[in-house]
Amino acid sequence: MSSLLKPFRMVRNHWKKSVFFSCVALYGYKYLETRNRIYKLMTAYCEEAMKYGDESWHPQRPLRHLTVVLNPVCNKRRSKKLYEKYIQPIFHCAGLKISLVETETEGQTRDYMKVMSNTDGVVIVGGDGSIHEAITGYLRRDDLSGSEILPMAFLPTGKRNYGMLKLFGIEDDGSGEITCKVKHVQILGKLAMNVIREVIKPLDVIKIQKDGESEPLFAFYSVDFGFFWNVLQNVDKYWYYGDTLKPYYPLIKSLYLKDHSQFSSPRAVISYTKPCSGCSKCFEKFKEPKPLEAPRRWWQLLIPRPGQTRLTRDDRSEKMKSKINEECGHWHEIENTDFLNFSLRNSFNNKMSLYLHPSESTTKSNLLDDGVNFCRNKMPNSSSVGITEVGDLQLRFVDVTTSLDSSNELSDLEDQDTQKDESLSSDKNLSIDRENYPINNFQITLLPNRLRIYGY
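Residues numbered from 1 in each chain as written. Predicted model: local features only at pLDDT ≥ 70, side-chain atom pairs only at ≥ 80, totals over all residues. Heavy atoms only, no water.

**Observations regarding the confidence of the model for the protein chain**
The share of residues in the protein chain with pLDDT of 70 or more is 80%, and the mean pLDDT across the chain is 80. Ranking the elements of the protein chain by mean pLDDT puts helix 14 (residues 409-426) last with 43 and strand 1 (residues 65-70) first with 94. Every residue in residues 307-313 is under pLDDT 50, and counting partners more than four places away or in other chains gives 23 contacts. Within the model, pLDDT remains below 50 along residues 400-427, and this stretch shows 26 contacts once partners closer than five positions in the same chain are excluded. (pLDDT = per-residue confidence, 0-100. Helix = DSSP H or I, 4+ residues; strand = E, 2+ residues; numbered from the N terminus. Contact = heavy atoms within 4.5 Å.)

Quick look at the structure:
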């Protein structure tokens, strides 16, 4: 009996050591369990990829070639490690020819995509910023043809993946980062396998044309400016508060410890068109691009390869030609020109969602709640938010001072321009897919089915 009670006496007499080694044992168990689950996932993905790699191939036919554009420094330099451990082995098992390009400076992805050629597809490995640079550089090309769109794959390895998670319908904790390692490997493996299977889908893109600039910008998910972005764009420096509390500190500091009126956005006139799913006026925008590659063997004209999905033209355009929509292309104007925050989101279904916080009806508590939701990429909760579904949009900043002294008209105009420039600079930046740009008048156009991407 004493021998049975001896372990319990030892735990009671050395409880500190017992607690410490119990925590170490628990951590070791969780670590080994995670490693085992990841090993099983990678084994399953690689075995499936090898089935494609073992298929017979004509010796005179070139191997399928993919170009991988990797941002190695994003997500605290974890992006390259994630690619080499969980993406590259799957591509190699499938027998793909891979050309790896690592970016070294900001904007280099945009430059690469302007001259990208001699490849069957492009794989972008990084966060939302890398995707924004890639589609902006590619859609700025002069030789781009609507019938020869290069397919792209987006693999989320960055710290901020809001757009990609929304695009692929993946649930997250609101931080934009995939914290569960097993889930992250599962997502990367599934996306890599869809690249191998050639599961291609169309993607809507947002075009932003700023006044005074010849080349447009392109976004695939978000456009923001105003109070929330100014306060929360550097929220990561408050990491010591934790993911739950860190958005509250800058918001409370700005709303309750300072005069939040100083963050008010300059007055602007917003005009928009209602979304249209295709009619006789706009059917040209909805034409889906043709696939670049012909079937691999003659019998695949009748029997496609299992698991292979390609875009084909259907009779959608013919049906749209006969559809009449009087509201298509008709511009509407938002009456309220004074607002605190402007947020635009791509819904990925031929329309965009516009969220406006009016200065008069929005309270501090509403700004606090919606600011936290903005940081976590969630819908605003307050009833004062104006939510509008739009197709295209125009924004023009108006004069800050509306009354002029007739006797000093020239000097007042100069002062007014100075005040306008100061008000614009007070807003600091325009956020396009969480990347900063100087703010200015702009026009936004939704381009349906503009890109071809490997789906989820």
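There is more to say after this.
**Some thoughts on the pattern of salt bridges**
With the rule as written, the count across this model stands at eleven salt bridges. With a closest N to O distance of 2.9 Å, Glu-389 and Lys-351 form a salt bridge. Of this pair, Glu-389 sits in strand 12 (residues 386-390) while Lys-351 sits in the loop between strand 10 (339-346) and strand 11 (352-358), and the two are 38 residues apart along the sequence. Connected via shared salt-bridge partners are Arg-160, Asp-236, Asp-243 and Lys-246. (Salt bridge = Lys/Arg side-chain N within 4 Å of Asp/Glu carboxyl O.)

**Side note on the nonpolar core**
In this structure, Ile-90, Ile-135, Tyr-138, Phe-154, Ile-196 and Leu-451 are the most contacted members of the largest nonpolar core, which totals 63 residues. Here this core takes nine residues from helix 8 (residues 181-197), the largest share from any one element. Excluding anything up to four places from it in sequence, Phe-154 contacts Ile-124, Ile-131, Ile-135, Met-164, Leu-167, Phe-168, Leu-191, Leu-203 and Ile-453. Core analysis: the second largest hydrophobic core is formed by 27 residues, Ala-268, Tyr-272, Leu-356 and Leu-393 among them. (Core = buried A, V, L, I, M, F, W, Y, C linked by side-chain atoms within 4.5 Å. Buried < 20%, exposed > 50% of the residue type's maximum accessible area, 1.4 Å probe, protein only.)

**Here's the deal with the layout of surface pockets**
If a probe the size of a water molecule is rolled over the atoms, the empty space left behind becomes visible. Of the pockets and cavities examined, the largest pocket occupies roughly 850 Å³. In terms of lining, the largest pocket is formed by 37 residues, of which the most central are Lys-159, Arg-160, Asp-236, Arg-434 and Glu-435. Broken down by secondary-structure element, the contributors of at least two residues to the lining of the largest pocket are helix 3 (74-77), helix 6 (128-139), helix 9 (227-232), helix 10 (242-245) and helix 13 (364-375). Residue classes in the lining of the largest pocket are distributed as nine nonpolar, 14 polar and 14 charged. Of the volumes computed, that of the second largest pocket is approximately 520 Å³. Lining the second largest pocket are 26 residues, and of these Lys-166, Tyr-221, Asn-377, Lys-378 and Met-379 sit closest to its centre. (1 Å grid on protein atoms, 1.4 Å probe; cavity = no way out; pocket = protein on both sides within 12 Å on 5 of 7 lines; lining within 4 Å. Points joined across faces, edges and corners; volume = space filled by probe spheres on them. Nonpolar A, V, L, I, M, F, W, Y, C, P; charged D, E, K, R; others polar.)

**Remarks on a nonpolar patch on the surface**
Residues Trp-239, Tyr-240, Tyr-241, Leu-245 and Tyr-249 make up a contiguous nonpolar surface patch of roughly 580 Å² in combined accessible area. Along the chain, the position of Tyr-249 falls in helix 11 (residues 248-256). (Patch = residues over 30% accessible without salt bridge, like charges linked within 9 Å, V, L, I, M, F, W, Y side chains within 5 Å. Areas by Shrake-Rupley, 256 points an atom, 1.4 Å probe, with all protein chains shown as cover.)

**Things to note about a positive patch on the surface**
A cluster of like positive charges, contributed by Arg-35, Lys-81, Lys-85 and Lys-181, occupies part of the molecular surface. Mapped onto the elements, Arg-35 comes out in helix 2 (residues 15-53). (Lys, Arg positive; Asp, Glu negative; His and termini not counted. Charge placed at Lys NZ, Arg CZ, Asp CG, Glu CD.)

**A few points about empty space enclosed by the protein**
Tallied over the entire structure, the rule returns one cavity of 30 Å³ or more. Of the volumes computed, that of the largest cavity is approximately 40 Å³. In terms of lining, the largest cavity is formed by Asp-128, Tyr-162, Tyr-221, Ser-222, Arg-345, Asn-377, Asp-433 and Arg-434. The residue makeup of the lining of the largest cavity, split by class, is two nonpolar, two polar and four charged.

**Describing the environment of Val-122**
For Val-122, the position within the fold is in strand 3 (residues 121-126). On a C-alpha basis, the gap between Val-122 and Val-195 in space is 9.8 Å, while along the polypeptide they are 73 residues apart. In contact with Val-122, other than residues within four places in its own chain, are Thr-67, Val-69, Met-113, Met-116, Leu-150, Pro-151, Met-152 and Ala-153.

**Focus on helix 11**
Each turn of an α-helix holds 3.6 residues, which means side chains three or four residues apart point in the same direction. Looking at helix 11, one finds that the buried residues are Pro-250, Leu-251, Ser-254 and Leu-255. Down the axis of helix 11, the sector holding all buried residues measures 115 degrees, keeping them to one side. Each element contacted by the buried residues of helix 11 is listed here: helix 9 and helix 13. (Arc of directions from axis to C-beta.)

**Considerations on the sheet that holds strand 7 (residues 222-226)**
With antiparallel pairing, the six strands of this open sheet are ordered in space as 12-11-10-7-14-15. The open sheet has two free edges, formed respectively by strand 12 and strand 15 (435-437), since each of these has just one partner strand. Each strand of the sheet is rotated relative to its neighbour by a mean of 20 degrees, with strand direction disregarded. Relative to strand 15, strand 14 (residues 430-432) runs antiparallel, the two being bridged by three bridges. Within the sheet, the bridge partner assigned to Leu-430 lies in strand 15 and is Tyr-437. Sitting on the sheet, helix 13 is in contact with strand 7, strand 10 and strand 11, with an inclination near 30 degrees to strand 10. (Pairing = 2+ DSSP bridges. Axes fitted to C-alpha atoms, helices over the stretch in contact; angles between N-to-C directions.)

**Topic: helix 6**
With twelve residues, helix 6 ought to run about 16 Å at 1.5 Å a step, and its terminal C-alpha atoms sit 17 Å apart, in line with that. Summarising burial for helix 6: twelve of the twelve residues are buried, a large majority. Regarding helix 6, the residues found buried are Asp-128, Gly-129, Ser-130, Ile-131, His-132, Glu-133, Ala-134, Ile-135, Thr-136, Gly-137, Tyr-138 and Leu-139. (Expected span 1.5 Å × (residues − 1).)

**Comments concerning the pairing of strand 3**
Among the six residues in strand 3, six count as buried, and that is most of the element. Judged by which residues are buried, strand 3 turns out to be covered on both faces: Gly-121, Val-123 and Val-125 on one side and Val-122, Ile-124 and Gly-126 on the other are all buried. As defined by bridge partners, strand 1 adjoins strand 3 across five bridges and the pair is classed as parallel. Counted as the bridge partner of Leu-66 is Gly-121 from strand 3. In this structure, strand 3 lies alongside strand 4 (residues 152-156), joined through five bridges in parallel fashion. Looking at the pairing, Gly-126 lines up with Pro-156 of strand 4.

**Details of the packing of aromatic side chains**
By the definition in use, this model includes 15 aromatic pairs. Centre to centre, the rings of Tyr-241 and Tyr-249 are 5.1 Å apart; their planes meet at 20 degrees, and the pair counts as stacked. Look at Tyr-241 and you get partly exposed, because its relative accessible area is 34%. A residue is classified by how much of its surface remains accessible, and Tyr-249, at 32% relative accessible area, is partly exposed. Cluster of aromatic residues (ring-pair linked, three or more members): Phe-225, Phe-339, Phe-342, Phe-397 and Phe-442. Lying across the ring of Phe-374, Arg-434 places its NZ or CZ 5.2 Å from the centre. (Phe/Tyr/Trp six-rings, centres within 6.5 Å; stacked < 30°, edge-to-face > 60°. Lys NZ or Arg CZ within 6 Å of the ring centre and 35° of its normal.)

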